[in-house]
Amino acid sequence: MTLNKLTIKEASEKLQKRKITAVQLTRACLARIKEVDGKIKACITVCDDKAMEMAREADIRLKNGENGDLLGIPYLVKDNIMTRGIKTTASSKILENYTAPFSAAIIKKLNQAGAVILGKTNLDEFAHGASTENSAFGPTHNPWNLDRVPGGSSGGSAAAVAANMCIFALGTDTGGSIRHPASFCSVTGLKPTYGRSSRFGLIAMTSSTDVPGPLTKTVADAGIVLAAIAGQDKNDATTPDEPVPDYGQDIDKSVKGLKIGLPREYFTGGLNKEVKQAIDAAIKELKKQGAEFLEVSLPHTKYGIASYYIITPSEISSNLARFDGIRYGFSAKETEDLITGYTKSRGHGFGPEVKRRIMLGTYALSAGYFDAYYLQAQKVRTIIKEEMDEVLSSVDCLLTPTSPGTAFKIGEQSGDPLQMYLEDVFVTGASLAGLPAMSIPAGFVNGLPVGMQLIGKRFDEATLFRVGHSFQTTTEWHREKPEL
Ligand code: GLN
């Protein structure tokens, strides 16, 4: 078997029994990247030498008898997560030559665990998008069909996991960016509870919903990565002192008796019929395993997109103000005065979607419109959050489709921002409410993957793992791989 195909669980077992070395495993992943990434374009930076060095260090630790689920496991990192000494571009021209001076808190934790960084993955510029087409370095291609998008904004990470270029990958989810590409590429993608994993060292998009999380080949693997990256961090005041469970412990528990809510509003409107059939089949499978399903209602779901697309641009317009051509990245040369310097640097450095969001956000925050837009959107957000918390107090989790359709063709929706924003109808709710949510493979429509989403109670990722893992023990969807 080719080592790059292994899951974290399989690989770490082999590493610990000394059947393989971290160097061999890392080599296999790097070779796979060389073999297929010319077509997929999932990676922006591949750091062969650094990866081999980290792998050798992991092998020494293994030889010294150290154990650990992630010791010697190679992974890829979305390029809006800071990695010390490695280029970190956020897929933007403005950061094209920027090398991170420090590592994100979650990267430090993975370094300590002995995981091996292979490189950085493509994304929509600054994570603004749902197709990875907004990257300044060109789109990533979906490994299931190279003419189609991988979803976004963590499209490079999802495509890389699907194509077995790494054992797992990291993404960030602000309004669906882990779950959406996971569903388009048929991998498992977890958005942890807001605050569960530190934002320190992420390139900020929407600070009130940003959260980093794993993209993996199985649900069990997502639990392993979350356990490693979760926890309180003194550099991120939104991470509470909440215990991090050993997710492996309860993952095998049956779903018998668990109550799963089906929010009516997520099964109507723009939902593709065949996608719905796939989700219905998944529900049937979980019923067979003993889960109880009941219909619930989240009537404010329909305002999710509208409120998300006021709040997100508002925070973006403020967060991206730091890119002034002086402190970070691209700087326009020989400008007459300061203002021209700003406009030239930003005008050249930012792409069209980023500019659109800065303008929308600046407008929504401006004195005359603040109450009508930003404040109103925040009020709607509070209602959405309270409504979801309320419904979740009577069930163990919710089940919905992740996306209304399957992967679309590259170029098909890029001229229509509104259409692109509608990709997020089923994923913005959990983001606005700060709840954990996971997309897992649930079938195929015309050869294209379908994902189902599980949404849980605050800090209760464990239930999502239990349901998802149970589903993966009797289904094979997550084992299917694209032919490349
Ligand atoms: N599609 C969403 C957006 O464009 C996803 C963003 C994200 O989660 N980073 O805002």
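Residues numbered from 1 in each chain as written. Predicted model: local features only at pLDDT ≥ 70, side-chain atom pairs only at ≥ 80, totals over all residues. Heavy atoms only, no water.

*Asks:* Got a minute to help me understand the overall build of the protein chain in this structure?
*Replies:* Helix and strand counts for the protein chain stand at 16 helices and eleven strands. A globule of 484 residues ought to have a C-alpha radius of gyration of about 23 Å, and the protein chain, at 21 Å, matches this closely. Across its three principal directions, the C-alpha atoms of the protein chain cover 65 × 55 × 45 Å. Per-residue burial for the protein chain yields a buried fraction of 61% across its 484 residues. Restricting to contacts in the protein chain with at least 6 residues of sequence separation, those with at least 24 account for 77%. (Helix = DSSP H or I, 4+ residues; strand = E, 2+ residues; numbered from the N terminus. Rg over C-alpha atoms; globule rule 2.2 N^0.38 Å. Buried < 20%, exposed > 50% of the residue type's maximum accessible area, 1.4 Å probe, protein only. Contact = heavy atoms within 4.5 Å.)

*Asks:* Looking at this model, I keep getting lost on the sheet that holds strand β3 (residues 116-121). Mind explaining?
*Replies:* Strand pairing in a sheet takes place through backbone hydrogen bonds and is either antiparallel or parallel in direction. In space, the eleven strands of this open sheet follow the order β1-β3-β2-β4-β6-β5-β10-β11-β9-β7-β8, with mixed pairing throughout. Only two strands of the sheet have a single neighbouring strand rather than two, namely β1 (43-46) and β8 (292-296). Going from strand to strand, the sheet's axes swing by 30° on average, the running direction of each strand aside. Note: strand β9 (residues 397-401) against strand β11 (residues 448-456), five bridges, orientation antiparallel. In the sheet register, cysteine 397 faces β11, and the bridge partner there is glycine 456. Against the sheet, helix α2 (residues 22-40) makes contact with β1, β2 (74-78) and β3, and its axis sits at roughly 20° relative to β3, the strand it touches most. (Pairing = 2+ DSSP bridges. Axes fitted to C-alpha atoms, helices over the stretch in contact; angles between N-to-C directions.)

*Asks:* Any chance you could explain the site of the ligand here in plain terms?
*Replies:* Taken together, 15 residues lie around the ligand, and Thr174, Gly175, Ser177, Tyr308 and Arg357 are the ones closest in. Between the ligand and the protein, one listed contact pairs an oxygen atom with a side-chain N or O atom of tyrosine 308 at 2.7 Å. Here tyrosine 309 contributes a side-chain N or O atom positioned 3.2 Å from an oxygen atom of the ligand. For the ligand, the protein covers 99% of the area, taking 300 Å² as the surface of the free molecule. Looking at the shell around the ligand residue by residue, the classes come out as five nonpolar, seven polar and three charged. (Near = heavy atom within 4 Å. Polar contact = N/O pair within 3.5 Å; in protein donor to acceptor, adjacent residues only side chain to side chain. Areas by Shrake-Rupley, 256 points an atom, 1.4 Å probe, with all protein chains shown as cover. Nonpolar A, V, L, I, M, F, W, Y, C, P; charged D, E, K, R; others polar.)

*Asks:* Explanation requested: a positive patch on the surface in the structure shown.
*Replies:* A surface patch of positive charge is lined by Lys50, Arg84, Lys108 and Lys234. Following the sequence through the fold, lysine 50 ends up in helix α3 (residues 48-63). (Patch = residues over 30% accessible without salt bridge, like charges linked within 9 Å, V, L, I, M, F, W, Y side chains within 5 Å. Salt bridge = Lys/Arg side-chain N within 4 Å of Asp/Glu carboxyl O. Lys, Arg positive; Asp, Glu negative; His and termini not counted. Charge placed at Lys NZ, Arg CZ, Asp CG, Glu CD.)

*Asks:* Mind showing me how you'd approach helix α11 (residues 338-349) here?
*Replies:* Working note: α-helix, 3.6 residues per turn, so residues spaced by three or four point in the same direction. Given a rise of 1.5 Å per residue, twelve residues ought to cover 16 Å, and the 16 Å separating the end C-alpha atoms of α11 matches this to within 8%. All buried positions along α11 are accounted for by Thr340, Gly341, Ser345, Arg346 and Gly349. On its buried side, α11 packs onto α12 (352-365). N-cap assignment for α11: the residue whose side-chain oxygen lies 3.4 Å from the backbone N of isoleucine 339 is aspartate 337. (Expected span 1.5 Å × (residues − 1).)

*Asks:* It is not clear to me how the pattern of salt bridges should be interpreted in this structure. Could you clarify?
*Replies:* Pairing between side chains becomes possible if they bear opposite charge and their charged atoms approach one another. One pass over the structure, following the stated rule, counts 19 salt bridges. The partner of glutamate 461 in a salt bridge is arginine 196, with the nearest N and O atoms 3.2 Å apart. On the criterion of sequence distance, the pair formed by glutamate 461 in helix α16 (residues 461-474) and arginine 196 in the loop between β5 (188-191) and β6 (211-216) is long-range, its members being 265 residues apart. The exposure class of glutamate 461 is buried, given its relative accessible area of 0%. Owing to a relative accessible area of 3%, arginine 196 belongs among the buried residues under this scheme. For the salt bridge of glutamate 285 with lysine 288, the shortest nitrogen-to-oxygen distance reads 3.5 Å. One end of the pair, glutamate 285, and the other, lysine 288, are both in helix α9 (residues 273-288), three residues apart, so they sit about a helical turn from each other. Each member of the salt-bridge network shares a partner with another, and the members are Glu353, Arg356 and Arg357.

*Asks:* Can you walk me through the nonpolar core in this structure?
*Replies:* One recurring pattern in soluble globular proteins is that nonpolar side chains are buried together. Membership of the largest hydrophobic core comes to 139 residues, with the highest contact counts inside it found for Phe126, Met165, Leu170 and Leu399. If we ignore the near neighbours within four places in the chain, the residues touching leucine 170 are Tyr75, Leu76, Val77, Lys78, Ile81, Ile106, Ile107, Leu110, Ser157, Gly213, Leu215 and Val225. Counting six residues, the second largest nonpolar core, distinct from the first, contains Ala130, Ala407, Phe408 and Met420. (Core = buried A, V, L, I, M, F, W, Y, C linked by side-chain atoms within 4.5 Å.)

*Asks:* It is not clear to me how helix α5 (residues 155-162) should be interpreted in this structure. Could you clarify?
*Replies:* Summarising burial for α5: eight of the eight residues are buried, a large majority. Turning to α5, its buried residues are Gly155, Gly156, Ser157, Ala158, Ala159, Ala160, Val161 and Ala162. Buried residues along α5 sit against α2, β2, β3, β4 (168-173), α6 (179-185) and β6. Downstream of α5 by one or two residues, asparagine 164 has phi in the positive range, about 60°.

*Asks:* I would appreciate a short explanation of the side chain of threonine 312 in the present structure.
*Replies:* Assignment of secondary structure puts threonine 312 in helix α10 (residues 304-319). Here threonine 312 falls in the buried class, since its relative accessible area comes to 0%. If near-sequence neighbours (up to four positions away) are discounted, threonine 312 is found in contact with Thr174, Met205, Thr206 and Arg357.

*Asks:* Would you mind going over the environment of lysine 355 with me for this structure?
*Replies:* Considering the arrangement of structural elements, one finds lysine 355 in helix α12. Sequence separation of lysine 355 and proline 313 is 42 residues, and the distance between their C-alpha atoms is 9.8 Å. Ignoring any residue separated from it by four or fewer positions in sequence, one finds lysine 355 in contact with Arg346, Gly347 and Phe350.

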